[in-house]
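Single-letter residue listing:
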Amino acid sequence: MLAGNVGPTIEIRVNGLLVATTEVRSTTLQDYSFTVADLGPGSAVDIVYTNDAVVSGIDRNLWVNSITVGGQTYASTGSGVVFDRGSGSAAFDGVDTMPGQEGLFWNGALRFQLPGGAVSATGSTGVYIDASAGSDTNPGTQALPWKTLRKATEARLTTGQSVFLRCGQVWRESLALDGIQLANGTNIAGYGTECATAKAVISGADLFNGGWTKSGNVWSRAVPAGTPKIRRLFIDGTSQATARWPNATSTSQGYALVNSLGGGAKWSIRVADGDLAALSGKDIEGATVYARTSAWMIESRRIAGYASGTLTLATGTDYTMDAGEGYVLEDKLWMLDAPGEFFHDTVNNRLYVYPSSSTAQADLNSRTVEGSVRDIALRVANRTTVGVRDIAVRMARVKGLLLMDASGALVERIEASGNGETGVSVVQDETLPGATIRSSRISNNFVYGIDAVFGGATTISDNNVTDTGTISYPGWSHAAIEGGKGAKILNNIVDGTAYHGIRFSGTGGSTVMNNAVTRYCVRLSDCAAIYTWNGPKLTGSTQLATVELNQVQGGRPNAEGAVGPGIDVVGGIFLDDFSHGVTVRNNVVRDVPFGLVLRNGSNNVFESNRVWLPTRAAITASNDQTDRDYLVGNIWRNNQFVPVKSAVNQFPALPTFSESYPIWFFNNFGAASSISSGNNTFTGNQVVRFDGSADGVHAWLRSNTEDTRMSSATWATFNRLDAPTATPMAFALYQLTLGPELVPGGNFDSGFGAWNSWFSNAGSGGSASASSGGGCVGTCVQLTAGTSNDWIASPAFVMRAGAPHLYAYTATLGGAATLGWPYISRNATPWDNMATAGYTSSVALSGSAGQVIRYEAFFTPKSSDLARVNLQVKTPGVSVRFDSVSVREITGFSFSTTADWAAVATAPVGQSSTVTCASLGWPAGCSATTIDGVPVTLPQTLTAGSSQLYLRADSSWRR
């Protein structure tokens, strides 16, 4: 439609390159033709609308019915076509997208992706390489392809020409292409019908098949002289680990620990007394040590020598090796003593392996053995808008794919696996257009899955990144995905990473959206599913980053071999030191220790997030700096927190309770004042509890001089902007088998009866009397304390010494009040507490007016002497009605788990999901509700990328 007598202006882009521009003046559908030198299989075609406007009330719009390439028509509404709204670079950022459509009512790019390997490359210009049917004496055409990748380095391609590798073939050689061989826009792509099921493989590994001999459990064979140190070894595709001491297990790294008398060094490690025998007489010089020098770091160094129980390092570590920290030694033949280990002797040119599988142990000569010998599988450099498609880069010693100064590159549908450092690495001038890495599978790389920290505004989207640093590797690992300045990290699935899931830059306005992260922090701590850091101090800039619509679950700290700070810290979303100007919005974080973490950060916004079932705290914010307060200007708004309680132990031991808090807040310059002053704001946030208490610990506020656990009632007075605590349903934490009642008259059915009272000051207004007011079951007793020392006491009774007992009562508060600590005393001087080691309870002793506290505590009596219950109120002047006071011996107990009554279902990114009772882990025919207690009919369909917390209404633990 014309507006102001000007039609829509469109750009035609192929693989990011502008090939034509035209004005569309026709008001009906009309063909427009453009000549493009090479479209090749898998090419990206963008129809970009650039001048949307309303002129004199007339809205200029563009209609695109289809495109036709090589006789094949692709509809604008076809599968895989998307419309990316935005102007300039925003039309290609993958953020504001919708399915393809004919009517374009905004500026943006209608993006088509031509089929890849399924389309013949006939007519596409460039060179073709087929490892099986090719010959380097051929001309390199599709009919007569070359054979080796080395031959491709002789090519001198022009615009529109590409390099095609036959899918299903494997090349055991590196391919390095740069500005000499490539033109801007060149594709390196798989071709052939085989691409539907197999990539074209560039391997960093050589075959070491046959020639194996066996001695004991260890197979060995000669390798060619000069073979580079084999960093990774695979048998039938299964990764083996370099021989090490001590051995790892399926559940442990097996660390040796620094001697308790030998900490604090950087150049040496003092071996623990219990390990001296294992190392006596062993060849250790030249071995590699991996030392866990902090919660977040594993450093590797070479051993220069060993004497008198001390390992001497060739170079010092960055952090001190402290007593109790873990280390492993690696890469000596004597360490080869467990299945799944190997050793490459570069002096004697021999390879040794103790295979992980029984079939390989029985006959290694019948198996496929691959060893990493080349540093980089594929290197592409010094050209813009290059495409890499339908390629697999595997088993390199360092990097699978390296993009070096290849701005605007498009990498898609590749596999990068089994590499010794990084699957895909991007390094370029950060001011130039970034690469796009999408729709690829990245797995089993040691340090990074995708590393674009020096890649500028890279777009990393729709990738599946798994097992980064989690398989056959004791060393440091960083992130499954790391983006640089202004990166867009979108729609990725990350599962299994030793350290961070996704790390984004401290500068440049990054976007982290619609990602799903599970199983992170597998080998390290002080980390997160989604993480950023903006230090060093006073050098960070405003990030202007957005973290939105992500799903996070299932992180746990790994403190094995670690001491000191951070060993128990694992966050869902973690804004670390000096983060500034980040918006964290509409994320779902569940079943993690700490949900949303902020450390020394300012002017950040946490909005409309749902933190469900955290084990430590829903949010934690801290300023541990002493030179100034960096924790300022932050806003927590309209978030939902669902804390949980748990109990463990075996009868007859007393239960151990733990509780997660909605808020942890620490500030060296004052925690409470940091909030009450308005420096940090909490507004519209809601806590939802399912333990039956509306008034558990709501916020833990700490500084160097304060340590306050605020109840929900106190928080509501302290910070009036948050929503009231909700308790839509209650579930029991434990179920008990009890003996007979021991407290006489604890139900007060006969009034005050044989109970007695004591008031420390007769004129203080203290009183105790029978009552039948609210909260009472029949008759109860009302205590109004004049001072905090006043009490009422039960008649004497006898308990069985050494047996677990339950102490319980209900208390209805006439105003905001705190009850006295549980006190069952001897019924005679010295009136000492009869509990052997105090009382354990999950119930708070403070509450608000009208609240009914159902207090229960576990204890073990130290004596069978006569005892009595003493009830106290620590808040003078507030009347409290006590009822159902009880002490009974416990003869058995069981505990609920969160899974007994709550479950979270998540639909994967880009895919809807059906929720059933079975998928929630509940029996068929279960009765379920939403978090608000609204009944739900199962099965139910969740939309793609969404999450729902379900409650089991028919749980036996419901009360």
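Residues numbered from 1 in each chain as written. Predicted model: local features only at pLDDT ≥ 70, side-chain atom pairs only at ≥ 80, totals over all residues. Heavy atoms only, no water.

### Here we look at the overall build of the protein chain
Within the protein chain one finds five helices and 88 strands. Principal axes of the C-alpha set define a box for the protein chain whose edges measure 110 × 90 × 60 Å. Looking at the protein chain residue by residue over its 959 residues, the buried ones come to 55%. If you take every contact in the protein chain between residues at least 6 apart in sequence, the share linking residues at least 24 apart comes to 69%. Carbon and sulfur atoms make up 50% of the accessible area of the protein chain, which totals about 36,500 Å². (Helix = DSSP H or I, 4+ residues; strand = E, 2+ residues; numbered from the N terminus. Buried < 20%, exposed > 50% of the residue type's maximum accessible area, 1.4 Å probe, protein only. Contact = heavy atoms within 4.5 Å. Areas by Shrake-Rupley, 256 points an atom, 1.4 Å probe, with all protein chains shown as cover.)

### Observations regarding the side chain of glutamine 851
Mapped onto the elements, glutamine 851 comes out in the loop between strand 79 (846–847) and strand 80 (852–859). Judged by relative accessible area, which is 14%, glutamine 851 ranks as buried. Residues contacting glutamine 851, with those up to four places away along its chain left out, are Ser693, Asp695, Ala811, Thr812, Leu813 and Ser846.

### Describing the packing of aromatic side chains
Two aromatic rings, taken as a pair, are described by how far apart their centres are and by the angle between their planes. Tallying each qualifying case throughout the model produces 35 aromatic pairs. Each ring, one from phenylalanine 594 and one from tryptophan 664, has its centre 5.1 Å from the other, and the planes form 70 degrees; the classification is edge-to-face. Of this pair, phenylalanine 594 sits in strand 58 (residues 594–599) while tryptophan 664 sits in strand 66 (residues 661–667), placing them 70 residues apart in sequence. The two residues phenylalanine 594 and tryptophan 664 agree in class, both being buried. Judged by centre distance (5.7 Å) and plane angle (50 degrees), the rings of phenylalanine 690 and tryptophan 901 are tilted. Residue phenylalanine 690 is located in the loop between strand 68 (686–687) and strand 69 (697–702), and its partner tryptophan 901 is located in the loop between strand 82 (879–895) and strand 83 (902–906); the two are separated by 211 residues in the primary sequence. By the ring-pair criterion, three or more aromatic residues cluster together here, those being Phe606, Trp636, Phe665, Phe682, Trp715 and Phe718. Stacked on the ring of tryptophan 791, the Lys or Arg arginine 868 has its end atom at 4.5 Å from the ring centre. (Phe/Tyr/Trp six-rings, centres within 6.5 Å; stacked < 30°, edge-to-face > 60°. Lys NZ or Arg CZ within 6 Å of the ring centre and 35° of its normal.)

### Quick look at the sheet that holds strand 83
With antiparallel pairing, the four strands of this open sheet are ordered in space as 83-88-85-86. On the outer flanks of this sheet lie strand 83 and strand 86 (935–936), each paired with one strand and no other. With two bridges connecting them, strand 85 (residues 928–929) and strand 86 associate as antiparallel partners. Each residue of the ladder has a partner; that of threonine 929, found in strand 86, is proline 935. (Pairing = 2+ DSSP bridges.)

### Points about the environment of glycine 262
For glycine 262, the position within the fold is in the loop between strand 25 (256–257) and strand 26 (268–270). C-alpha of glycine 262 to C-alpha of leucine 333: the two residues are 71 residues apart in sequence and 27 Å apart in space. In contact with glycine 262, not counting residues within four places along its chain, are Arg270 and Met321.

### Thoughts on the pairing of strand 9 (residues 82–85)
When strand 9 meets strand 10 (residues 97–99), the two strands line up antiparallel, connected through three bridges. Across the sheet, aspartate 84 pairs through a bridge with threonine 97, a residue of strand 10. Across four bridges, strand 9 lies against strand 12 (residues 108–113) in antiparallel orientation. Note on strand 12: the bridge partner recorded for valine 82 is arginine 111.

### Thoughts on the pattern of salt bridges
Two side chains that carry opposite charge are able to pair once their charged atoms sit near each other. The full count for this structure, using the stated rule, is 40 salt bridges. Two residues, arginine 111 and aspartate 46, come together in a salt bridge whose shortest N-O distance is 2.9 Å. Here arginine 111 is found in strand 12, whereas its partner aspartate 46 is found in strand 3 (residues 44–49), with 65 residues between them in sequence. On the basis of relative accessibility, which here comes to 18%, the residue arginine 111 falls in the buried class. Three or more residues joined by partner-sharing salt bridges are found here, namely Lys199, Arg389, Asp390, Glu412, Arg413 and Arg438. (Salt bridge = Lys/Arg side-chain N within 4 Å of Asp/Glu carboxyl O.)

### Quick word on the sheet that holds strand 21 (residues 218–222)
Within a sheet, neighbouring strands are paired by backbone hydrogen bonds and run either parallel or antiparallel to one another. Overall, mixed pairing links the eight strands, which are arranged 19-33-22-23-31-32-21-20 in an open sheet. Two strands close off the open sheet at either side, each with one partner strand: strand 19 (205–207) and strand 20 (213–215). If you compare each strand with its neighbour and ignore which way they point, the axes differ by 30 degrees on average. Here two bridges tie strand 23 (residues 238–242) to strand 31 (residues 341–345), and the two strands are oriented parallel to one another. Bridge pairing links alanine 241 to glutamate 341 in strand 31. (Axes fitted to C-alpha atoms, helices over the stretch in contact; angles between N-to-C directions.)

### Concerning the UniProt feature "domain: Right handed beta helix" (unreviewed entry) in the protein chain
Within this numbering scheme, the UniProt entry marks residues 402–528 as carrying the feature "domain: Right handed beta helix" (unreviewed entry). Measuring from the first to the last C-alpha atom of residues 402–528 gives 26 Å, for a span that is 0% helix and 49% strand. (UniProt positions renumbered as here; feature names shortened; annotations may be inferred.)

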